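Analysis of the macromolecular model
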Amino acid sequence: MQNMEDLYQLIAQRQKNPKKGSYTDYLFTEGLDKILKKVGEESTEVVVAAKNPDDDALVYETADLFYHVLVLLVQRGVSFDQIKAELAKREGKMSDFKDRPKIKNL
C-alpha cells in the first residue's frame with residue numbers, strides 16, 4: 001500500500017466487490033455498529049500502546065485504527081477528498097491557538 005488514499009480506494013472497491021471471507025467483507029456485512037465498535041476498541045488500544053515504551057506496538061495499533069477509520073468513512077460514504085479538504089481548511093489555524101479564550105468550568 002502506497003498511502004492512506006490508496007488504502008481507502010481498496011476498501012471502497014472491497015465494499016463494491018466483496019471478497020467473501022475477508023475481514024473487510026465481514027465488517028461491511030456486520031454494519032455500522034460493528035465498525036464503530038472496532039474504531040472504539042482500536043482507539044483505546046492506541047492510547048494504551050502510547051503509554052508504553054514499545055514503539056512497535058504503537059505503530060501496530062495505529063495502523064489498525066487507521067484501517068478501521070477508513071472502513072468507517074467508506075461505510076458512511078465520506079470521501080477521502082472530504083477529509084483532505086477539511087484538513088486544508090485548518091492549515092495555519094493552529095498558530096491562532098494562543099489567541100483563543102481559555103475554556104473554563106469543564
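What counts and how
Residues numbered from 1 in each chain as written. Predicted model: local features only at pLDDT ≥ 70, side-chain atom pairs only at ≥ 80, totals over all residues. Heavy atoms only, no water. UniProt positions renumbered as here; feature names shortened; annotations may be inferred. Phe/Tyr/Trp six-rings, centres within 6.5 Å; stacked < 30°, edge-to-face > 60°. Helix = DSSP H or I, 4+ residues; strand = E, 2+ residues; numbered from the N terminus. Buried < 20%, exposed > 50% of the residue type's maximum accessible area, 1.4 Å probe, protein only. Salt bridge = Lys/Arg side-chain N within 4 Å of Asp/Glu carboxyl O.

As annotated in an unreviewed UniProt entry, the chain carries the name Phosphoribosyl-ATP pyrophosphatase and comes from Lactiplantibacillus songbeiensis. Looking at the chain in UniProt, the text filed under Catalytic activity (unreviewed entry) is "1-(5-phospho-beta-D-ribosyl)-ATP + H2O = 1-(5-phospho-beta-D-ribosyl)-5'-AMP + diphosphate + H(+)". The heading Pathway (unreviewed entry) in the UniProt record of the chain holds the text "Amino-acid biosynthesis; L-histidine biosynthesis; L-histidine from 5-phospho-alpha-D-ribose 1-diphosphate: step 2/9."

**Thoughts on the packing of aromatic side chains**
For any two aromatic rings, the description comes down to two numbers: the centre-to-centre distance and the angle of the planes. All told, the structure shown has three aromatic pairs when counted by the stated rule. A centroid spacing of 5.9 Å and a plane angle of 50 degrees characterise the contact between Tyr8 and Phe80, whose relative ring orientation is tilted. Residue Tyr8 is found in helix 1 (residues 4–16), and its partner Phe80 is found in helix 5 (residues 80–90); the two are separated by 72 residues along the sequence. Using a relative accessible area of 8% as the deciding quantity, one classes Tyr8 as buried. Residue Phe80 is classed as buried on the basis of its relative accessible area of 15%.

**Section: the pattern of salt bridges**
Summed over the entire model, instances satisfying the criterion amount to seven salt bridges. Lys84 is the salt-bridge partner of Asp81, the closest N and O atoms lying 3.5 Å from each other. Taken as a pair, Asp81 and Lys84 lie in helix 5 at a separation of three residues, close to a single helical turn. Residue Glu86 is joined to Arg90 by a salt bridge in which the shortest nitrogen-to-oxygen separation is 3.0 Å. Of this pair, Glu86 and Arg90 both sit in helix 5, four residues apart, which is roughly one turn of the helix. Assessed through its relative accessible area of 48%, Arg90 is described here as partly exposed.

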